[in-house]
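# Residue-level structure breakdown
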Amino acid sequence: MTTVTTRTVEYPADGLTMVGHLALPAGVDRRPAVLIGPEGPGLNDFQCRRADALAELGYVALAFDLHGGRWFTDPQQMLARVMPLLADPDRMRGIGHAALDVLRAEPRTDPDRIAAIGYGTGGAIVLELGRDGVDFRAIGTVNALTTGRPGEAARIRCPVWAGVGSEDPIMPAGQRDAFAAEMQAAGVDWRLVVYGGALHAFHHPPVDQAVVPGVGYHPQHARRAWRDIVDLLAECLPVTD
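Everything numeric here is computed off the predicted structure, so don't read it as measured data.

Take the environment of His67 next. The topology assignment puts His67 in the loop between strand S4 (60-63) and helix H2 (75-86). Taking the C-alpha atoms as reference points, His67 and Ala185, separated by 118 residues in sequence, lie 33 Å from one another. Not counting the four nearest positions on each side in its chain, His67 is found in contact with Leu16, Met18, Gly40, Pro41, Gly42, Phe72, Arg81 and Val82.

Below you can see the structure in the form of structure tokens.
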């Protein structure tokens, strides 16, 4: 079993003190790194374990925060925070760049070998970093088929992988088509996987709280989506001992 070291990191962004989760693989050498964006309700133990799992594979991994250490249990409060954020690419980029700076500053991180993955709102943020010209090796998103300001996708410098549930009412077929058209027009190396029968946030185990309509867990597709992301990282950002 690989020994993984974890710690909490605090940093300023969006007028808040963010509380991220950093996971380091065994050893002392520099490693490729992955930035991880969480779902709209915020950063919880499940997303932190994603970082731990990537550290076990040999990556430095930072799961970043969206809401200043807060996890929203009320869907309406979450939407009141998230919807204005999703409508403001510059705010999203600010949150993403602040986290990326923390990841780059970690001595174990190879600053020339960084990828980003994100779920829902966190996926929208890492896509905005790509549209801002960040030199990622790969971007992987689930349930985050957001489109950006016209022409800016041409600044994406890496492969983009996106996964979505076929029955996701928050990311419906029209949204899929718009995202695909944006990526194609920009000349991005892109892939879109549609997981049949899956709803929004199909990758996240059920939570004991109210959720927005259209959310539902699909364990089989959750495992498949995680394997697809790990495969993306293995292709574009391999760990070499």
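Resuming the write-up.
Turning our attention to the sheet that holds strand S6 (residues 139-142). Spatial strand order, S1-S2-S4-S3-S5-S6-S7-S8: 8 strands in an open sheet with mixed pairing. Unpaired on one side and paired on the other, strand S1 (5-13) and strand S8 (190-195) mark the two borders of the sheet. Strand after strand, the sheet turns through a mean of 20° between neighbouring axes, direction not considered. Most of the contacts of helix H3 (residues 89-105) go to S1, to which it runs at about 135°, and overall it touches S1, strand S2 (16-24), strand S3 (31-37), S4 and strand S5 (109-119).

Following the UniProt record, the feature "domain: Dienelactone hydrolase" (unreviewed entry) maps to residues 20-235 here. Secondary structure content for residues 20-235 is 38% helix and 20% strand, while the C-alpha to C-alpha distance between its ends is 26 Å.

Residues Leu35, Phe64, Leu103, Phe136 and Val160 are the most contacted members of the largest nonpolar core, which totals 40 residues. Dropping the residues within four chain positions of it, Val160 is found in contact with Leu127, Ile139, Phe179, Met183, Val188, Asp189, Trp190 and Arg191. Among the nonpolar cores identified, the runner-up in size contains 26 residues, and Ile36, Ile117, Tyr119 and Ala138 belong to it.

To continue, consider the state of the cysteines. Counted by the stated rule, this structure contains 0 disulfides. Lacking any disulfide linkage, Cys236 is separated from the closest cysteine sulfur, that of Cys158, by 7.6 Å.

To continue, consider the packing of H3 against helix H4 (residues 121-131). At a minimum axis separation of 8 Å, H3 and H4 run at an interaxial angle of 95°. Comparing the axis directions of H3 and H4 gives the class roughly perpendicular. Across from Pro89, Met92, Arg93, Ile95, Gly96 and His97 in H3, the residues of H4 making contact are Ala124, Ile125, Glu128, Leu129 and Arg131. Considered class by class, the residues forming the contact of H3 with H4 number 6 nonpolar, 2 polar and 3 charged.

Criteria and cut-off values
- Residues numbered from 1 in each chain as written.
- Predicted model: local features only at pLDDT ≥ 70, side-chain atom pairs only at ≥ 80, totals over all residues.
- Heavy atoms only, no water.
- Helix = DSSP H or I, 4+ residues; strand = E, 2+ residues; numbered from the N terminus.
- Contact = heavy atoms within 4.5 Å.
- Pairing = 2+ DSSP bridges.
- Axes fitted to C-alpha atoms, helices over the stretch in contact; angles between N-to-C directions.
- UniProt positions renumbered as here; feature names shortened; annotations may be inferred.
- Core = buried A, V, L, I, M, F, W, Y, C linked by side-chain atoms within 4.5 Å.
- Buried < 20%, exposed > 50% of the residue type's maximum accessible area, 1.4 Å probe, protein only.
- Disulfide = S-S within 2.5 Å.
- Parallel < 35°, antiparallel > 145°, perpendicular 65-115°, else oblique.
- Nonpolar A, V, L, I, M, F, W, Y, C, P; charged D, E, K, R; others polar.

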